[in-house]
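# Per-entry structural report
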Amino acid sequence: MLVDDPARLGESRFPDGRLLGWAERGPPDGVPAVLCPGAATSRAVLGTHAEPILRRLV
């Protein structure tokens, strides 16, 4: 499956030292959707599942 690169990548550090990595995908004028995965996943592999989410939002 072909997955486009994210439009933006970033990291936010919390005061207690934890690091949150995030990726922004999809059209800039699209409906926002937040996906918060469980353990043993990363923002790098989550883009492979964006198509079913986008279909439901249209």
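Just above, that's the structure.
Description of the structure in this document. Counting starts from 1 at the beginning of each chain's written sequence and moves along it residue by residue. Residue-level local features of this predicted model are given only where pLDDT is at least 70; pairs of side-chain atoms are given and counted only at 80 or more, and the full residue set underlies all totals for whole chains, interfaces and linings. Hydrogens and water are ignored here; the side-chain numbers use all heavy atoms of the structure.

### Structural notes on the pairing of strand β1 (residues 8–13)
- A pair of strands is considered paired only if DSSP assigns at least 2 bridges between the two. A run of DSSP states H or I qualifies as a helix once it reaches four residues; a run of E qualifies as a strand once it reaches two. Both are numbered from the N-terminal end. Relative to strand β2 (residues 19–24), β1 is paired through six bridges, and the arrangement is antiparallel. Bridge pairing in β2 links Arg8 to Glu24.
- Here β1 folds back onto β2, and the loop between the two strands holds five residues, one of which, Gly17, carries a positive phi near 100 degrees.

### Focus: the environment of Gly10
- Here Gly10 shows up in strand β1.
- Buried residues are those whose accessible area, probed at 1.4 Å on protein chains only, stays under 20% of the maximum for their type, while exposed residues exceed 50% and partly exposed ones sit between those limits. When its relative accessible area of 12% is taken as the criterion, Gly10 is described as buried.
- Taking the C-alpha atoms as reference points, Gly10 and Leu20, separated by 10 residues in sequence, lie 8.4 Å from one another.

### Focus: the pattern of salt bridges
- Just to be clear on terms, a salt bridge is a Lys or Arg side-chain nitrogen sitting within 4 Å of an Asp or Glu carboxyl oxygen. Under the counting rule described, the total for this entry stands at two salt bridges.
- With a shortest N-O distance of 2.8 Å, Arg8 and Glu24 are connected by a salt bridge. One end of the pair, Arg8, is in strand β1; the other, Glu24, is in strand β2, and 16 residues separate them in sequence.
- The exposure class assigned to Glu24 is partly exposed, which follows from its relative accessible area of 34%.
- Here Asp16 and Arg18 are joined by a salt bridge, their closest N and O atoms 2.8 Å apart.

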